[in-house]
Amino acid sequence: MTQTSDNVTWLTQEAYNKLKDELEYLSGPARTEIAAKIAAAREEGDLRENGGYHAAKEEQGKQELRVRQLTQLLQHAKVGESPADDGIVEPGMVVTIAFDGDEDDTMTFLLASREYASGDIETYSPQSPLGVGVNGKKAGDDAQYELPNGKKATVRILSAKPHSG
């Protein structure tokens with residue numbers, strides 16, 4: 001789904017469309033809504049002690065930051081296909097690993113950037129230690145990555161399938 005190198009982010013057409021729709025909403029209707037909230041709060045009087053006004057301004061700031069992030073992401077995006085179903089771990093794949101080769105101690109996650117994070121499946125960045133360790137491996141391969149304490153952990157790749165979401 002996504003892979004970042006030299007400020008280029010690779011996206012599927014579906015992911016590109018989803019992010020573009022979010023940008024259009026935040027740039028249009030959401031801006032109008034937040035401007036109305038700020039105007040209504042401003043009419044309440046003294047702005048120094050107006051919690052609604054300050055909350056609305058903070059929300060506006062977060063919204064504008066997301067607009068800038070999406071604008072930059074989409075400007076540098078390259079649209080491509082989902083990864084091939086070849087069992088090789090790469091961004092856009094749902095990966096199942098076994099810790100220390102123990103097939104009773106497994107974890108399944110999506111290897112993708114945070115734009116794809118959802119409540120449905122845990123997401124690990126390709127730049128994370130685990131992501132770097134498993135990227136390019138295939139089912140049956142062992143991969144090592146560095147834990148936060150500096151020690152190395154070994155996992156076995158059990159499967160890698162393209163994400164369907």
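That block above? That's the structure.
Since we're looking at a predicted model, the values are computed, not measured.

Definitions and cut-offs
- Residues numbered from 1 in each chain as written.
- Predicted model: local features only at pLDDT ≥ 70, side-chain atom pairs only at ≥ 80, totals over all residues.
- Heavy atoms only, no water.
- Patch = residues over 30% accessible without salt bridge, like charges linked within 9 Å, V, L, I, M, F, W, Y side chains within 5 Å.
- Areas by Shrake-Rupley, 256 points an atom, 1.4 Å probe, with all protein chains shown as cover.
- Salt bridge = Lys/Arg side-chain N within 4 Å of Asp/Glu carboxyl O.
- Lys, Arg positive; Asp, Glu negative; His and termini not counted.
- Charge placed at Lys NZ, Arg CZ, Asp CG, Glu CD.
- Helix = DSSP H or I, 4+ residues; strand = E, 2+ residues; numbered from the N terminus.
- Buried < 20%, exposed > 50% of the residue type's maximum accessible area, 1.4 Å probe, protein only.
- Pairing = 2+ DSSP bridges.

Novice: So what exactly am I meant to see when it comes to a negative patch on the surface here?
Specialist: Residues Asp100, Asp102, Glu103, Asp104 and Asp105 make up a contiguous surface patch of negative charge. Residue position: Asp102 is located in the loop between strand S4 (93-99) and strand S5 (106-111). Judged by its relative accessible area of 36%, Asp102 is partly exposed.

Novice: What should I look at first to understand the pairing of S4 in this one?
Specialist: Counting buried positions over the seven residues of S4 gives six, a clear majority of the element. Pairing between S4 and S5: six bridges, direction antiparallel. For Thr96, the partnering residue across the bridge sits in S5 and is Thr108. Pairing between S4 and strand S8 (residues 152-162): seven bridges, direction antiparallel. Residue pairing for S8: Val95 is matched across the bridge by Ala160.

Novice: Looking at this model, I keep getting lost on the pattern of salt bridges. Mind explaining?
Specialist: A side chain of one charge can pair with a side chain of the opposite charge when the charged atoms of the two come close. This model, assessed by the stated rule, comprises seven salt bridges. Taking the shortest distance from any N to any O, the salt bridge between Glu59 and Lys37 comes out at 3.3 Å. Of this pair, Glu59 sits in helix H3 (residues 51-75) while Lys37 is found in helix H2 (residues 29-42), placing the two residues 22 residues apart along the sequence. Note on Lys37: relative accessible area 43%, which makes it partly exposed.

Note that every value here comes from positions in space, so none of it alone points to a role or purpose.
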